[in-house]
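# Structural overview
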Amino acid sequence: MQALTPTTSLKSLFQTKRLPNADRVVSTRLLIQCVYRFDSGNLTSSGGIGASRADWQSSCAILASKVVSQQDIEKSGNADISAVNGHKTLDLVPLENLPKPLTITDLSPAPIHGSELRVAYQGVPGAYSEAAAGKAYPNCEAIPCDQFEVAFQAVELWIADRAVLPIENSLGGSIHRNYDLLLRHRLHIVGEVQLPVHHCLLALPGVRKEYLTRVISHPQALAQCELTLTKLGLNVVREAVDDTAGAAEFVAANNLRDTAAIASSRAADLYGMNILADGIQDDSSNVTRFVMLAREPIIPRTDRPFKTSIVFAHDKGTSVLFKVLSAFAFRNISLTKIESRPHRNRPIRVVDDANVGTAKHFEYMFYVDFEASMAEVRAQNALAEVQEFTSFLRVLGSYPMDMTPWCPSRGE
Ligand SMILES: O=C(O)C(=O)C[C@]1(C(=O)O)C=C[C@@H](O)C=C1
C-alpha cells in the first residue's frame, strides 16, 4: 500500500465562511479538491496534517463525520453554504481553537521558551558546567541539577531543552560516568564546547594556607591540581564532592576554617570565599570538553567542520577493532577520541580452549569521535563498513566542532 500526500494543504481546507450564527463552515468542495497520492507508508505533508498515515486517516474520519446534507443546511436556514455532490458542509470549531500552523521557529533544533533556552547542567551556580552552558548558549536559562543523571532526565522530561555535560578534560581524562549515561539514555549530541578551566584555591576570609587540613572538590578538579597542591605544601586530605562550586558552597555554609575548596573565581564571589591561590591547575592550558545534548538530532551539514560520535560493540575478538578503525583510516577520516567502557550487559566472555584452558576476556563498548559529518558520503560509507564488523552500532550525534580560537584560561 502507498502513503498519502496531499496536493492541497489542510490549511486550505479550513478556509471558512462566516455564518450569521457565527459558526464556521467549510465547503466540502475544498475537501474533494484535496487529492492524495500514496507513497511509502509515511505522509509527507506541507499542510500541517499529522506526520503519519494513521494521523491522516483519522483526520479524514473526523472531517467525513462532519459532512452534513443539503437538506440539513436548508432546514437550518444557512442558505449561502456551497454544495458539492451532495456532501455539503463541515461544522468547524471556532477559528481561535484551530491548531496553529507550524512555523520555521517550531521546526528549529533550538526551541525557544520566551527568549531563553533552558539548559540543564550538573552542579550549582559557579560550576564550570554552568560557564560551559553560557558559552554554548549565551543568554540561556541555566538549570542546576544535583547529578548528571538528573540533567539527562530534565531534557527527556521537557523540563530543559538541552543538557551540557563534561565529557573529557585535557589533564584528568574522560568523565566515564557521562559516557555510560550517553549509552543508557536516548539523547543526541548536538554540539560541543571546549572551556579553558582556571582553578582557584578558596577558603573563608581570614583563613591561611597553614590552617588547612583538607581540600575538597570535584574529583576531576582535584586530579587537575594534584601536582600544584603538593608544590604549595598542601599534603593534606583530599576529599571528592559532587562539583567544584558545591565544594565552595559547602565550606561557606558550614563555616569550615580548616577546609579549602578548588573552584572558579565566580564561585568565590558567589559564596563569599577568599582566593588563596589563583590558577592552580597543573597545566595552564587546562581545557574541559563539554557536549550539548537534545531530544532530537540536528541535521548534519558540510559547510563547516563537523564531528561525529559513535559507540559500538563487537563479539568476534580484538581484530574487529583494527578493522573498524581502518574503515576510517582508508577514507582519510581522522579520529579525535577513542574510549572503551565495560560492556555492562555482557562484561565477561569466557573462552574455552581444550589445549590451553579457560580464559576470561573483558568485553567493551567503544566510543569513537571522528572528524566528518554524517552528511558526507565518506562518513556514511565508513559507518556502513563498521556495521558489518560490529554487533551493535549507534550514532550518538553529528555536530559542529568547537572552532573558537584558543585563549588560555583566565578565571572562569
Ligand atoms: O564541578 C564542576 O564545576 C563541573 O562543572 C564539573 C567538572 C568535570 O566534571 O570535569 C567540569 C570541569 C572541570 O574539569 C572540573 C569539573
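In the nomenclature of an unreviewed UniProt entry, the chain corresponds to Arogenate dehydratase from the organism Dillenia turbinata. What the UniProt record of the chain gives under Subcellular location (unreviewed entry) is the line "Plastid, Chloroplast stroma". According to UniProt, the comment filed for the chain under the heading Function (unreviewed entry) is "Converts the prephenate produced from the shikimate-chorismate pathway into phenylalanine."

### As for the sheet that holds strand β15 (residues 259–263)
Sheet architecture is open: five strands sit in the order β14-β13-β15-β12-β16, paired in mixed fashion. If you trace the sheet from one side to the other, it starts and ends with β14 (237–240) and β16 (274–278), each paired once. The sheet shows a mean angle of 30 degrees between the axes of neighbouring strands, taken without regard to direction.

### Notes on the pairing of strand β13 (residues 214–217)
Both faces of the sheet carry side chains from a regular strand, because those side chains alternate between them. Where burial is concerned, the two faces of β13 agree: the one with Arg 214 and Ile 216 and the one with Val 215 and Ser 217 are both buried. Sheet analysis places β13 next to β14, joined by four bridges and oriented parallel. Across the sheet, residue Ser 217 finds its bridge partner in β14, namely Ala 240.

### Notes on empty space enclosed by the protein
Considering all chains together, one arrives at two cavities of 30 Å³ or more under this definition. Roughly 210 Å³ of volume is contained in the largest cavity. Looking at the largest cavity, it is lined by 19 residues, and the ones nearest its centre are Tyr 128, Ser 129, Pro 166, His 218 and Gln 220. For the lining of the largest cavity, the element with the most residues is helix α9 (residues 219–224), which contributes three residues. Per-class residue counts for the lining of the largest cavity are eight nonpolar, nine polar and two charged. By volume, the second largest cavity amounts to about 60 Å³. At the level of secondary structure, the elements contributing two or more residues to the lining of the second largest cavity comprise α8 (176–184), β17 (287–294), β18 (306–313) and β22 (364–370). For the lining of the second largest cavity, the leading source of residues is β22, giving three residues. Residue composition of the lining of the second largest cavity, grouped by class: nine nonpolar, one polar and two charged.

### A word on helix α13 (residues 319–329)
When we look at burial in α13, the residues that qualify are Val 320, Val 324, Ser 326, Ala 327 and Phe 328. Looking at the buried positions of α13, the neighbouring elements they touch are β18, β19 (335–342), β22 and α14 (377–389).

### Focus: unusual backbone geometry
Notably, Trp 158 is not glycine yet its phi reads approximately 65 degrees, a positive angle. Within the fold, Trp 158 resides in the loop between α7 (148–156) and β9 (162–169). Take Trp 158: its relative accessible area is 56%, and that puts it in the exposed class. Located in the positive-phi region is Asn 332, a residue other than glycine, with phi close to 60 degrees. Within the secondary structure, Asn 332 sits in the loop between α13 and β19.

### Examining the nonpolar core
Grouped together as the largest cluster of nonpolar side chains are 44 residues, with contacts concentrated most on Tyr 137, Val 164 and Leu 293. Apart from the residues within four sequence positions on either side, Tyr 137 is in contact with Leu 117, Val 119, Arg 162, Val 164, Val 190 and Met 292. Cys 225, Ala 248, Ile 262 and Ala 267 belong to the second-largest nonpolar core, a separate cluster that totals 33 residues.

### Here we look at the sheet that holds β22
Taken together, the four strands give an open sheet; going across it, the order is β19-β22-β18-β23, and neighbouring strands pair in antiparallel fashion. Edge strands, defined here as strands with exactly one partner in the open sheet, are β19 and β23 (392–400). The mean inter-strand angle of the sheet, taken between neighbouring strand axes irrespective of direction, is 15 degrees. Bridging between β19 and β22 involves seven bridges; their strand directions are antiparallel. Within β22, the residue paired with Ser 340 across the bridge is Phe 366. In the packing of α8 onto the sheet, the strands contacted are β18, β19, β22 and β23, and the crossing angle to β19 comes to about 85 degrees.

### A word on the site of the ligand
Lining the immediate surroundings of the ligand are 13 residues, of which Tyr 128, Ser 129, Gln 224, Thr 244 and Thr 288 lie closest. Between His 218 and the ligand, the recorded distance is 3.2 Å, taken from a side-chain N or O atom to an oxygen atom. Measuring from an oxygen atom of the ligand, one finds a side-chain N or O atom of Thr 244 at 2.5 Å. Considering the ligand on its own, with 360 Å² of exposed area, one finds that the protein chains cover 100% of that surface. Under a 2 Å grid-point criterion requiring more than half of the atoms, the pocket assigned to the ligand is the largest cavity. Looking at the shell around the ligand, the elements with two or more residues in it are α6 (128–136), β9, α9 and β17.

### Description of the pattern of salt bridges
Scanning all chains against the criterion turns up 18 salt bridges. Linking Arg 118 and Asp 161 is a salt bridge whose minimum nitrogen-to-oxygen distance equals 3.1 Å. On the criterion of sequence distance, the pair formed by Arg 118 in strand β7 (residues 118–122) and Asp 161 in the loop between α7 and β9 is long-range, its members being 43 residues apart. Owing to a relative accessible area of 0%, Asp 161 belongs among the buried residues under this scheme. The network of salt bridges with common partners includes Glu 168, Glu 192, Arg 289, Lys 307, Lys 337, Glu 339 and Asp 369.

So, how was this worked out
Residues numbered from 1 in each chain as written. Predicted model: local features only at pLDDT ≥ 70, side-chain atom pairs only at ≥ 80, totals over all residues. Heavy atoms only, no water. UniProt positions renumbered as here; feature names shortened; annotations may be inferred. Pairing = 2+ DSSP bridges. Helix = DSSP H or I, 4+ residues; strand = E, 2+ residues; numbered from the N terminus. Axes fitted to C-alpha atoms, helices over the stretch in contact; angles between N-to-C directions. Buried < 20%, exposed > 50% of the residue type's maximum accessible area, 1.4 Å probe, protein only. 1 Å grid on protein atoms, 1.4 Å probe; cavity = no way out; pocket = protein on both sides within 12 Å on 5 of 7 lines; lining within 4 Å. Points joined across faces, edges and corners; volume = space filled by probe spheres on them. Nonpolar A, V, L, I, M, F, W, Y, C, P; charged D, E, K, R; others polar. Contact = heavy atoms within 4.5 Å. Core = buried A, V, L, I, M, F, W, Y, C linked by side-chain atoms within 4.5 Å. Near = heavy atom within 4 Å. Polar contact = N/O pair within 3.5 Å; in protein donor to acceptor, adjacent residues only side chain to side chain. Areas by Shrake-Rupley, 256 points an atom, 1.4 Å probe, with all protein chains shown as cover. Sits in = over half its atoms within 2 Å of the grid points. Salt bridge = Lys/Arg side-chain N within 4 Å of Asp/Glu carboxyl O.

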